[in-house]
Amino acid sequence: GDSVTQMEGPVTLSEEAFLTINCTYTATGYPSLFWYVQYPGEGLQLLLKATKADDKGSNKGFEATYRKETTSFHLEKGSVQVSDSAVYFCALSAYGSSNTGKLIFGQGTTLQVKP
Amino acid sequence: DTGVSQNPRHKITKRGQNVTFRCDPISEHNRLYWYRQTLGQGPEFLTYFQNEAQLEKSRLLSDRFSAERPKGSFSTLEIQRTEQGDSAMYLCASSLGGGRTVYNEQFFGPGTRLTVL
């Protein structure tokens, strides 16, 4: 079945460091890919998305490129801030005849940014 | 606030008791999803409604779980004879859907945290 695998955390970085969180997926067909973020004490929020191969999703300085050849959707940010400390989830939505839109999530990666 | 709301936010119950959670989606959204999230894991899909019709249920949803969405508005998730393994955060999400759109963003509620003693 469809699945998402993320790099294990926690990831601890100093402010202004470069961030990469790896995400790979297994899916039939051509899924849409997402990064969701969960700040402490808050609900899940969509951070960025890409709906077809080679698309780049971006938001708030974060970027991820849909790589079909490597089945990856790695999250990057050039300079992290303390306020980026959160749990990040990679997810996919498999597009098929049913088109329910249900999301399949990775296990999450905790990011802690120190001043 | 016009986001997705869930009640209660926290529920503590004893093993064997029944519990019911409520989700109020964004008013114009026709799709509604329930997910379960255990500590240190990502959310797992439980069930999906399009309007009032329950169109998909995960194998995770045992016979003790039932969900409804009467009139295609709010939804309830009931767990009968709770077990300690049911302790988790139960998340509700809603979206627009249908037609040729590949994806419509799901908006998540804050969740209901269930603790079964």
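Throughout this description, residue numbers start from 1 for each chain and increase along the sequence as written. Here the convention is simple: chains get letters from A, ligands get numbers from 1, in the order in which they are written. In keeping with the model being predicted, local features are shown solely for residues with a pLDDT of at least 70 and side-chain atom pairs are shown and tallied solely at 80 or more, while totals for entire chains, interfaces and linings include all residues. Derived side-chain values reflect all non-hydrogen atoms in the structure, with water molecules and hydrogen atoms excluded from consideration.

Some details on the side chain of Asn30(B)
Residues and elements named next belong to chain B. Comment: elements are numbered from the N terminus, with helices defined as DSSP H or I runs of at least four residues and strands as E runs of at least two. Mapped onto the secondary structure, Asn 30 falls in the loop between strand 3 (19-24) and strand 4 (31-37). Since its relative accessible area comes to 15%, Asn 30 is described here as buried. Sequence-distant contacts of Asn 30, that is, excluding residues within four places in its chain, are made with Phe 49, Gln 50, Asn 51, Arg 69, Ser 95, Leu 96 and Gly 97. The cut-offs for exposure are 20% and 50% of the maximum accessible area for each residue type, with area from a 1.4 Å probe on protein chains only; residues under the lower value are buried, those over the upper are exposed, and the others partly exposed. Whether two residues are in contact is decided by their heavy atoms, any of which lying within 4.5 Å being enough.

Regarding the interface of chain A and chain B
Taken together, the contact between chain A and chain B spans 19 residues of the former and 20 residues of the latter. Accessible area, probed at 1.4 Å, shrinks when two parts are joined; the buried area is that loss added up over both. For the pair chain A and chain B, the summed buried surface comes to about 1700 Å²; carbon and sulfur atoms form 54% of the total. For this document, the term salt bridge refers to a Lys or Arg side-chain nitrogen within 4 Å of an Asp or Glu carboxyl oxygen. Where chain A meets chain B, there are one salt bridge. The residue Lys102(A) makes a salt bridge to Glu56(B) at a minimum N-O spacing of 2.5 Å. Polar contact is defined as a pair of N or O atoms within 3.5 Å, subject to the rule that within protein one atom must be able to donate a hydrogen and the other to accept it, and that residues adjacent in sequence are counted only when both atoms are side-chain atoms. At the junction of chain A with chain B, the criterion picks out five residue pairs in polar contact (both at pLDDT 80 or more). For the side of chain A that touches chain B, the element with the highest residue contribution is strand 5 (residues 32-38) of chain A, accounting for four residues. Each residue gets one label: Ala, Val, Leu, Ile, Met, Phe, Trp, Tyr, Cys and Pro are nonpolar, Asp, Glu, Lys and Arg are charged, and the others, such as Gly, are polar. In terms of residue class, the side of chain A that touches chain B is made up of eight nonpolar, nine polar and two charged.

Considering the pattern of salt bridges
Going through the model one piece at a time under the given rule, you end up with seven salt bridges over all chains. In this structure, the salt-bridge partner of Glu63(A) is Lys56(A), at a minimum N-O distance of 3.7 Å. Among the residues examined, Glu63(A) registers a relative accessible area of 34% and is labelled partly exposed. Its salt-bridge partner being Glu83(B), residue Arg64(B) comes within 3.4 Å of it at the nearest N-O pair. With a gap of 19 residues between them, Arg64(B) in the loop between strand 6 (53-57) and strand 7 (65-68) and Glu83(B) in the loop between strand 8 (75-79) and strand 9 (88-95) connect regions that are remote in the sequence. Sharing partners across several salt bridges, the network here consists of Arg64(B), Glu83(B) and Asp86(B).

Side note on the state of the cysteines
Residue and element names in this part refer to chain A. Count a disulfide wherever a pair of cysteine sulfur atoms falls within 2.5 Å. Within the structure shown, the criterion is met by two disulfides over all chains. Put simply, Cys 23 and Cys 90 are joined by a disulfide, and their sulfur atoms are 1.9 Å apart. Taking the torsion about the S-S bond as the criterion, the Cys 23 to Cys 90 disulfide, at about -70 degrees, is left-handed. Of this pair, Cys 23 sits in strand 4 (residues 23-26) while Cys 90 sits in strand 10 (residues 86-93); the two residues are 67 residues apart in sequence, bridging distant segments of the chain. The two residues Cys 23 and Cys 90 agree in class, both being buried.

So, unusual backbone geometry
What you tend to see is this: most non-glycine residues have negative phi, and most peptide bonds are trans. Residue Pro10(A) is bonded to the preceding Gly9(A) through a cis peptide linkage, with omega at -5 degrees. Locating Pro10(A) in the fold gives a position in the loop between strand 1 (3-6) and strand 2 (11-14). The omega torsion across Asn7(B) and Pro8(B) is -10 degrees, close enough to zero to call that bond cis. Mapped onto the fold, Pro8(B) is located in the loop between strand 1 (5-7) and strand 2 (10-13).

Some words on the pairing of strand 5 (residues 44-50) of chain B
Residue and element names in this part refer to chain B. The buried count for strand 5 comes to five of seven residues, which makes it a mostly enclosed element. Of the strand pairs in this sheet, strand 4 and strand 5 are connected by six bridges, and their pairing is antiparallel. The residue of strand 5 that forms the bridge with Arg 31 is Gln 50. Two strands make a pair as long as DSSP finds a minimum of two bridges between them. With antiparallel pairing between neighbouring strands as the criterion, strand 4 and strand 5 make up a hairpin whose turn holds six residues, including Gly 40 at a positive phi of roughly 80 degrees.

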